[in-house]
Amino acid sequence: MGENMTPVYLQDSRPDFAPFEIDCGTIPAFRYRGSLRSEMAEGRINAAAAIDLLEDMLMIREMEEMIVTVRSGAYEPLAGFNYRGPTHVSIGQEGASVGACSALILKDHITSTHRGHGDSLARGCCAIRGMSIEQLRKRVSHSTATTREELLEQALEEHVYRTIAELFGKEDGYCRGRGGSMHIADFTVGHLGANAIVGGGVPIATGAAMGLRYLHTGGVVCCFAGDGAYCNGVVLESLNWAAQAQFTNEMAGKHPFGVPIIYFVLNNHYAMTGRSDREVMGVSHVAQRAVGFADNRMHAEIINGMDVLATRDAVMRAAQGCRDGLGPYFFDVDTYRYFGHSLSDPRNEYRTRDEEAAWKAVDPILTFQKQLEDCNVLDEQGIAAVVKRVRGRNARAAVRAAQAADPPPADVIKYMYTDTFVDKVPPEFAKVEVLEPLAPIKRVNGEITYRDAIKEAVVEEMLRDSRVIFYGEDVAEYGGAFKLSKGMLEMFGRSRVFNTPISEACICGTAVGAAMIGLRPVVELMYMDFLLMAGDQVGNQASKWHYMSGAQVEVPMVLRVSVGAGKGYGGQHSQTLESTVVHVPGMYVIYPSTAYDAKGLMKSAIRDNNPVMFVESQGLYNEKGPVPDKEYLVPIGVADVKREGSDVTLVAYGPAVPLALKSAERLQAESSVSAEVVDLRTLVPLDLETVLMSVQKTGRCVVISQAVSVGSFTGEVASRVQQEAFDYLDAPVMRVGAKNGIAPQSHVLEAVFYPRVEDILVAVKSIL
Amino acid sequence: MVKAVTMPKLGQSEETVKIVKWRKQVGDAVAKGEIILEIETDKAVLEVESFFAGTLLKVVAGEGVTVPVQTTVAFIGDPGEAVPDVAPSTTPAATHGPKHESMGPLTRPSPDGHPLPLEREKGLSPLPAERVVPSGGDRVRGSVTSQSSNEGSFQPSASPEVFRISPRALKLAKESAIDPTQIAGTGPGGRIVERDVRDYLEAHGYNRLRITPTAKKLAAREGIDLLSLAGKANGNQITVADIERIVSERPKPLAHIRQIIARRLTESYTHAPHFFVTVSADITEVEALRATLKAQGTAYTVSDFIVKAAAMALEEFPIVNSVSDGEAVRAHSSIDLGLAVALEQGLVVPVIRHANELTLAEIHLRAQDLTARARSGRLMPDEMTCSTFTISNMGMLDVENFTAIINPGESAILAVSSGAKQPVVKNDQVVVRTMMKMTLSSDHRLIDGALAARFLNSIRKHFEEISLWQRLT
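Residues numbered from 1 in each chain as written. Chains lettered and ligands numbered in written order. Predicted model: local features only at pLDDT ≥ 70, side-chain atom pairs only at ≥ 80, totals over all residues.

**Q** Kindly report on the overall build of chain B, identifying the contributing residues and their values.
**A** Along chain B, the regular secondary structure elements total 10 helices and 22 strands. Counting only residues that meet the buried cut, chain B has 29% of its 473 residues in that class. Within chain B, counting contacts between residues at least 6 apart in sequence, those at least 24 apart form 60% of the total. (Helix = DSSP H or I, 4+ residues; strand = E, 2+ residues; numbered from the N terminus. Buried ≥ 20, exposed ≤ 12 C-beta atoms within 10 Å, placed from the backbone. Contact = placed C-beta atoms within 7 Å.)

Pasting the structure below:
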């Protein structure tokens, strides 16, 4: 074992009921007292950088004012242009976005919100300003400019252009018009996406930061989200996730390092119209949220978000802290949204004009302009020149964007899936440290269990590629609820195999974020029923980001979900929900029925660059089957004829396959009916061809799954078969599934609830 | 500007007309006056011209649909113009065909003025609710404890007429070019499945048939049962020529106008007991007069003279100008003479109204106009309806004698044959005269032989009375 400590950790919590008090400590508010003059005097900013701050704030305001005016046809450069799309403008919040982004460096990341034009523009501008001449040249590759100054100016204009083009739904937009205003993202500068689900981006940011921690990049994630999001479950789960003790205490072994994330709360005091201050929250300040998640209160502070220098200062400090392993950080940034939630919100139903006027009096741009004049950085003409430059650049970009090409309608679902996978592991990830090798899984007559086949696949892929990490509830010392991961913690250490909070949404959401920054997480949901806890992160995030980003990003994650049907666990631990995931396109869905397929498909799933939901049947975990010693893959999207026959085709997947095979044997023995069994193996992508070939031969088809039949994927298969093979059908396509109800606990009831061989025989005989 | 094409009211009697065929399709350019659709009234098939030029933008009422006159059937305008959303105002089928006035109204007006069917047509009664057994999760009558199966099981009705065949079996039957309706089904519910078709083919020696592949394909396309050809083929092998022969021998639907003729004449010939009386008229002098008049510039036809003569005879015998259904007799108040005109596609009978009040010259002009327009298909329905007596002249077709079938609504018809020179005894001298046979068909329910003879001889008398014609011309 040498230097490597066994990662097994035994808790020693003993009863101790001695009275004591908890001191929750204090949260500083508006601690920053600096000014442009003091910052310059201390050498923390120079005149050029100060002008950049003004210019970036102006760029945001100019663009958002364009959105406001273009809607009413009053934006002169685009008179008559019809803008369709959201109008969630952040005018008033420029100081917060620009100050924060100006304190980040190129290798850092942000996530943003539905009100994210400012964050997106600011992140792009600040990142571009930090680029070397080579990086700029790459960014504006069509340019013939030679000086850095020219390249920079072209890159900035291109940035505004691609931003507006995305708002206008154009192919030249950052997301090729697939995302739009609320999903804008530029992964080349670490912008991991604005998110139209309030709070939806926070677990992604957390997972990305967790990934940066694992990769030791020194990068930081600044997670922009509004005050409204901090009432949402997944956001609070994320705070807990990032602050887990195991990342920083002795369990972290050689790398005690806090998750490098800054929760930057854009607290504009209103959710949509719900008032955070005295209506929909019970704390006076959002900052107080941090107290509940970490003993150090996540370094929580309240920051003046109307002062670009205050937000810059805060993020500079936090970013440095994160790079030193002191994350996470929590900033409650006090700012204001001059407009309503959108242009259809008149605002006067829930706040006063006086309140608005008071905030406008501390406008981040005007107050900063005054400081620039006071410090003789720019005089009135100088400021006017900056305004003119920004206005001209934005107008040129807007006109160009309005005239840019729309995406071709034929490409409407292009970018739904990627066809890439990891063929060769880059050398820097091919070196894997093994602490305590796992004893090889014993084969009896060349057979191992379905459970061990999956385990062997994950272990082999973790040995092959250090980007593969594995986490879920109770998967570490305990080895998982079904002992599938037993020994994996000991083998790979806690940095790659760790327990998570009971936090299904975050398990899935952090996997999305980690996958976005280059990891290949394999995560486990103990029961498929819990998938519904993670609905947004699976359906709206994992499944959608490849398409919504216009294929900028791939989300290579494997979501293992285990189906508990048939154990008398009742309605919340027995469901087969793959059909619900199939109905939200964007994620591959695999459901193997044999040990051989399970291993080969799991290995393919981990190497694939699409998000994959890998469904496992607890009823099959102990089923043995032949699994070769040597490496093999089973391709995703290829069905398998498990038994040949000529009279009827039984289409099944998962645990319905052994059921179908048993039925086929009985049909042969009792009625001399020859049944062919087609195992779909993957639902998405669906190999319909194999099914059709079989139906063409037999003329009869029964589609079987363990799921309740209402809304089941079996209906999709049946419908496609009748659509594409109608002339070959000698009888209606039948379906067999669980009763259209809720799985009961009673053994007697459960026995008739799930499909049985008898049900299949009845269905087959009814169409012979 | 979008213009609505309304169904013209072509006659006094039509309330509804049936659209037979759209000559123009949506998107076609339409010139003003161009024929855009064919319609069928109770009497005839007619063509409808467009009043507007433009593009046919929308067809509101499709082929086979019966619509009230003066309702919108289509829109014409410039391509791309928006078209008002108009529902076709069809009329229930029950109001067509023989009218059942005693049955009371089958329709009631809807708020927008269109008739609404009061009840479904027979044979289309809605499925009784009991037939549908809801699946679990759906509402179940009188019970919330659904024990039903996963599949909502639809119980097919006991109706034995439903022909049930699986798509696979149907495909095989089609590819084999056989008629599957003779096959006994052994699948669930008596459905014919693939094995039934195979068994049937085997049992009927299909596999012993020698069929060329092209013949088989053609037979499948034409829906010809190859088994019906067994033994009938020329030689042992069924070839394309055999199939083509059968196709060519197949009944084809009559033209609409022929169907109308068939219906009307069958009705007349089966309802009215016909009998026939023939006379020979001496037309020598009339022919001479016609030649003289023609030389003077007016080419009267034999028919002109016959019309006038018949009109005069009808004045004398008003009973012939009446109609009976065997129970009552109805006298026509005017003498309107139908003139049968043979067209390529059938027969039309334009009417010379009040023929008894017209001069010969007027009759001539009227007959000439009607005949010409009949030949060019431009008669209006009113000009072809409600004649009271009809003349069918085949004189130009070199026939010695023929009989005609009475037009429905009339009691007699006059069949006029060709004139021919014959030796005739006149004043005990054998002389050569031009003789023409005329045969009157009469409805024996109303007209007896003596009356027919007197009436026919009256026509002959007027026709031969040259002094009369000299006076009239």
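**Q** Which residues make up the domain arrangement of chain A, and what values go with them?
**A** Residues and elements named next belong to chain A. Assigned domains within chain A: domain 1 (36-406), domain 2 (427-626) and domain 3 (640-765). Taking the mean C-alpha position of each, domain 1 and domain 2 sit 34 Å from one another. Every contact between the two is made by 34 residues of domain 1 and, on the other side, 30 residues of domain 2. At 11 residues, the largest contribution of residues to the side of domain 1 that touches domain 2 is made by helix H7 (residues 201-215). A class-by-class count of the residues in the side of domain 1 that touches domain 2 yields 17 nonpolar, 14 polar and 3 charged. (Domains from an automatic or database assignment. Nonpolar A, V, L, I, M, F, W, Y, C, P; charged D, E, K, R; others polar.)

**Q** Break down the interface of chain A and chain B for me, with residues and values.
**A** Often, the extent of an interface is quoted as the loss of accessible area on bringing the components together. Taken together, the contact pairs 16 residues of chain A with 14 residues of chain B. The class makeup of the residues in the side of chain A that touches chain B is 6 nonpolar, 6 polar and 4 charged.

**Q** I'd love a proper account of the sheet that holds strand S22 (residues 429-443) of chain B, names of residues and values included.
**A** To summarise the sheet geometry, strands pair through backbone hydrogen bonds and adopt either a parallel or an antiparallel arrangement. Residue and element names in this part refer to chain B. What the 6 strands build is an open sheet, ordered S13-S22-S21-S20-S16-S19; its pairing is mixed. Only two strands of the sheet have a single neighbouring strand rather than two, namely strand S13 (274-282) and strand S19 (351-352). Sitting on the sheet, helix H7 (residues 302-316) is in contact with strand S16 (337-339), S19, strand S20 (389-393) and strand S21 (412-426), with an inclination near 155° to S20. (Pairing = 2+ DSSP bridges. Axes fitted to C-alpha atoms, helices over the stretch in contact; angles between N-to-C directions.)

**Q** Could you give an account of helix H3 (residues 94-102) of chain A, with specific residues and numbers?
**A** Where burial is concerned, most of H3 of chain A is hidden: 9 out of the 9 residues are buried. Inspection of H3 of chain A places Glu94, Gly95, Ala96, Ser97, Val98, Gly99, Ala100, Cys101 and Ser102 of chain A among the buried residues, and these make up the whole buried set.

**Q** Provide a residue-level description of the nonpolar core, including the pertinent values.
**A** Within soluble globular proteins, side chains that are nonpolar tend to cluster in buried spots. Residue and element names in this part refer to chain A. By size, the foremost hydrophobic cluster in this structure holds 254 residues, and its most contacted members are Ile262 and Leu559. Among the elements that take part in this core, helix H2 (residues 47-71) stands out by supplying 11 residues, more than any other. Leaving out residues up to four positions away in the same chain, Ile262 has contacts with Val220, Cys222, Cys223, Val315, Ala318, Ala319, Cys322, Tyr329 and Phe331. (Core = buried A, V, L, I, M, F, W, Y, C linked by C-beta atoms within 7 Å.)

**Q** Run through helix H9 (residues 449-464) of chain B, naming residues and quoting values.
**A** Quick reminder: α-helices carry 3.6 residues per turn. Residues three or four places apart thus point the same way. Residue and element names in this part refer to chain B. Taking 1.5 Å of rise per residue, 16 residues should cover 22 Å, and H9 covers 22 Å from first to last C-alpha, within 8% of that figure. Residues of H9 that are buried: Ala452, Phe455, Leu456, Ile459, Arg460, His462 and Phe463. Within H9, the buried residues cover an arc of 165° as seen down the axis, which keeps them to one side. Structurally, H9 contributes buried residues whose contacts are with S13, helix H6 (284-295), H7, S22 and helix H10 (466-472). (Expected span 1.5 Å × (residues − 1). Arc of directions from axis to C-beta.)

**Q** Please set out the sheet that holds strand S1 (residues 3-6) of chain B residue by residue, giving values where relevant.
**A** Residues and elements named next belong to chain B. Pairing is antiparallel in the open sheet, where 4 strands are placed in the order S1-S8-S6-S3. Pairing within the sheet leaves two strands with one partner each, and these edge strands are S1 and strand S3 (29-30). Where S3 and strand S6 (residues 54-59) come together, 2 bridges link them in antiparallel fashion. Directly across from Val30, in S6, lies its bridge partner Gly54.

**Q** Would you mind going over the pairing of strand S9 (residues 522-525) of chain A in detail, with residue names and values included?
**A** Residues and elements named next belong to chain A. Burial along S9 is two-sided: Val522 and Glu524 and Val523 and Leu525, pointing in opposite directions, are all buried. Strand direction decides the pairing type here: strand S7 (residues 470-472) and S9, joined by 3 bridges, are parallel. Across the sheet, Gly472 pairs through a bridge with Glu524, a residue of S9. As defined by bridge partners, S9 adjoins strand S10 (residues 558-563) across 4 bridges and the pair is classed as parallel. For Glu524, the partnering residue across the bridge sits in S10 and is Arg560.

**Q** Can you explain the confidence of the model for chain B? Please cite residues and give values.
**A** Interpreting fine coordinate detail is not advised for predicted regions of low pLDDT. Per-residue confidence for chain B gives a mean pLDDT of 81; residues scoring 70 or more make up 82%. This model gives residues 92-152 of chain B a pLDDT under 50, and the stretch forms 55 contacts once residues within four places in sequence are excluded. (pLDDT = per-residue confidence, 0-100.)

**Q** An account of the environment of Val752 of chain A is needed here, citing residue identities and associated values.
**A** All names here are of chain A. Mapped onto the secondary structure, Val752 falls in helix H24 (residues 747-753). Taking the number of C-beta atoms within 10 Å as the measure of exposure, Val752 has 15 and is therefore partly exposed. For the pair Val752 and Val657, spaced 95 residues apart in sequence, the C-alpha to C-alpha distance is 18 Å.

**Q** Just give me the short version of the packing of helix H3 (residues 213-222) of chain B against helix H4 (residues 240-249) of chain B, but keep the residues and values in it.
**A** Residues and elements named next belong to chain B. Packing of H3 against H4 leaves a shortest axis separation of 8 Å and a crossing angle of 20°. With respect to each other, H3 and H4 are oriented roughly parallel. For the pair H3 and H4, contact is made by Thr214, Ala215, Leu218, Ala219 and Glu222 and by Val240, Asp242, Ile243 and Val247, respectively. In terms of residue class, the contact of H3 with H4 is made up of 6 nonpolar, 1 polar and 2 charged. (Parallel < 35°, antiparallel > 145°, perpendicular 65-115°, else oblique.)

**Q** Run through the pairing of strand S18 (residues 701-708) of chain A, naming residues and quoting values.
**A** Residues and elements named next belong to chain A. By the criterion of burial, S18 is predominantly enclosed, with 8 of the 8 residues buried. As paired strands, strand S15 (residues 648-652) and S18 are joined by 4 bridges and run parallel to one another. From the neighbouring strand, Leu650 faces S18, where its bridge partner is Val702. Alignment of S18 against strand S19 (residues 734-738), held across 4 bridges, turns out to be parallel.

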